[in-house]
Amino acid sequence: MTVRRLGVLTGGGDCPGLNPVIRAVTRRAIQAGITVVGIRNGWKGLIQADTIPLTLESVSGILHRGGTILGTSRTNPYKKPEDAKRVMENIRKLQLDALIPIGGEDTLGVATKLKKDGQKVVGVPKTIDNDLSATDFTFGFDTAVNIAMEAIDRLHTTAESHHRIMVAEVMGRHAGWIATYAGIAGGADVILIPEEPIDLDAVCEIIRKRHARGKDFSIVVVAEGAQFKDKHLVTAEGKLDEFGHVRLGGIGDQLGKLIEQRTGYETRVTVLGHIQRGGSPTAFDRVLGTRFGIRAVELVLAGQFGTMVSLQGNKIVAVPLEEGTGALKTVDMELYNLSKIFFG
Ligand code: F6P
């Protein structure tokens, strides 16, 4: 079947590199004679048939821009049967022969369901957390790591001047990739990740030992999803999103208070939050997004539906959609254990 009209959407949390994907998809599809339809605000736009045309003109000048020109949302169309029905109806009404959803585990999970319902989809994996299996890296991660690294560099100079402990809370819901990479790159004295429960006594001991050898300041990097031994996930509030995720945040504050109480050293906490997701993508993320976008269209042209693009080594390959949304890719413990050599 020839694809004449192609729908593109971005779902879930935004991340630097989405616009390079949108631009590459549009440029490559137009080159192949395909009309590209931008669906606004993720799956919500397909429920509401809210679209904009994507043309050479509309994707011009967006390569370096953060966020997504299409908008995004955390909408789950399979939560209500009537919404799922509307999505199917609108795909037909909008005459979309194929769809390229760009997103993380939730967005691609919906794409997998659509595939089972007979729709032609090719996914593009995205998350700053870098926790999607079946791809070595996702775009947005490199940008987030660089932002967090620069923040750690800056925290170092103020920590040293005031002889303080600085806790930097970074993103990472289920996996501590950002904390590990930014912590190693920034020379953190302790890195705490969801993959390993926090041992507060050990953290305080590392800090005390640094003081004993004349280092009266320390940088502790903690991923927002990290948990204390014997304690539950620290959440900002009880609310769940449509995919059942709690809003995280708060571990840094708790940790900071406990470190100060136990060690007696003055401690300050910085929560980097959405700064890690905003702004211009790095060269790596622009190139990866561009390669993903081009390859996704080529899979559409080849009729290889039900797949997603993935980076393996330095090659972009196609893998079944289910693989991307299967098991989470947690931090390589060999890498994390390497970072421990610099603890203290
Ligand atoms: O999934 C990516 C992510 O940035 C997580 O690291 C974080 O927990 C979450 O999104 C934040 O989501 P929101 O932007 O909806 O607050």
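Everything below is about the structure shown above.
Everything quoted here is computed from the prediction, not taken from an experiment.

### Focus: the overall build of the protein chain
Now for step 1: Looking only at helices and strands, one finds 11 helices and 13 strands in the protein chain.
Now for step 2: In terms of its C-alpha atoms, the protein chain occupies a principal-axis envelope of roughly 70 × 40 × 30 Å.
Now for step 3: Across the 344 residues that make up the protein chain, the buried fraction comes to 51%.
Now for step 4: Across the protein chain, contacts joining residues at least 24 apart in sequence account for 75% of those joining residues at least 6 apart.
Now for step 5: For the protein chain, the exposed surface amounts to about 14500 Å²; the carbon and sulfur share of it is 50%.

### Some points on the pattern of salt bridges
Now for step 1: One pass over the full model with this rule turns up 13 salt bridges.
Now for step 2: Salt-bridge contacts for Glu205 lead to Arg208; the nearest nitrogen and oxygen are separated by 3.4 Å. Here Glu205 and its partner Arg208 are both found in helix 7 (residues 200–212), 3 residues apart, which amounts to about one turn of the helix.
Now for step 3: Between Arg268 and Glu266 there is a salt bridge, and its shortest N-O distance comes to 3.1 Å.

### With respect to the site of the ligand
Now for step 1: Around the ligand, the neighbouring residues are Arg74, Ile128, Asp129, Met171, Gly172, Arg173, Glu224, His274 and Arg277.
Now for step 2: Within the side chain of Arg74, one N or O atom sits 2.8 Å away from an oxygen atom of the ligand.
Now for step 3: In this structure, Glu224 approaches the ligand through a side-chain N or O atom, which is 2.6 Å from an oxygen atom.
Now for step 4: Calculation on the ligand without its partners gives an accessible area of 400 Å², and the protein chains cover 79% of this total.
Now for step 5: Among the residues forming the shell around the ligand, the class breakdown is 2 nonpolar, 2 polar and 5 charged.
Now for step 6: Formed jointly, the shell around the ligand draws a minimum of three residues from each of two domains, domain 1 (5–139 + 281–325) and domain 2 (143–277).

### Some points on a nonpolar patch on the surface
Now for step 1: A cluster of nonpolar residues, Ile184, Leu338, Ile341 and Phe342, forms a patch on the protein surface that exposes about 400 Å² of accessible area.
Now for step 2: Position of Phe342 among the secondary structure elements: in the segment after helix 11 (333–340).
Now for step 3: Residue class for Phe342 comes out exposed when judged on its relative accessible area of 53%.

### Considering the packing of helix 5 (residues 141–162) against helix 6 (residues 177–186)
Now for step 1: At a minimum axis separation of 8 Å, helix 5 and helix 6 run at an interaxial angle of 45°. With respect to helix 6, the element helix 5 is oriented oblique. As helix 5 runs across helix 6, the sense of the crossing is right-handed. The segment helix 5 lies against helix 6, with Phe141, Ala144, Val145, Ala148, Met149, Ile152, Asp153 and His156 engaging Trp177, Ile178, Tyr181, Ala182, Gly183, Ala185 and Gly186.
Now for step 2: Classifying every residue of the contact of helix 5 with helix 6 gives 11 nonpolar, 3 polar and 1 charged.

### Thoughts on the environment of Arg268
Now for step 1: Along the chain, Arg268 falls in strand 11 (residues 267–271).
Now for step 2: For Arg268, a relative accessible area of 35% gives the class partly exposed.
Now for step 3: Each C-alpha atom of the pair Arg268 and Leu155 lies 9.9 Å from the other, and the pair is 113 residues apart in sequence.
Now for step 4: When near neighbours in sequence (up to four residues on either side) are disregarded, Arg268 contacts Arg164, Ile165, Met166 and Val167.
Now for step 5: Looking at Arg268, its side chain comes within polar contact range of the side chain of Glu266, at 3.1 Å.

Rules and cut-offs
- Residues numbered from 1 in each chain as written.
- Predicted model: local features only at pLDDT ≥ 70, side-chain atom pairs only at ≥ 80, totals over all residues.
- Heavy atoms only, no water.
- Helix = DSSP H or I, 4+ residues; strand = E, 2+ residues; numbered from the N terminus.
- Buried < 20%, exposed > 50% of the residue type's maximum accessible area, 1.4 Å probe, protein only.
- Contact = heavy atoms within 4.5 Å.
- Areas by Shrake-Rupley, 256 points an atom, 1.4 Å probe, with all protein chains shown as cover.
- Salt bridge = Lys/Arg side-chain N within 4 Å of Asp/Glu carboxyl O.
- Near = heavy atom within 4 Å.
- Polar contact = N/O pair within 3.5 Å; in protein donor to acceptor, adjacent residues only side chain to side chain.
- Nonpolar A, V, L, I, M, F, W, Y, C, P; charged D, E, K, R; others polar.
- Domains from an automatic or database assignment.
- Patch = residues over 30% accessible without salt bridge, like charges linked within 9 Å, V, L, I, M, F, W, Y side chains within 5 Å.
- Axes fitted to C-alpha atoms, helices over the stretch in contact; angles between N-to-C directions.
- Parallel < 35°, antiparallel > 145°, perpendicular 65-115°, else oblique.
- Left-handed = near helix turned anticlockwise from the far one by under 90°.

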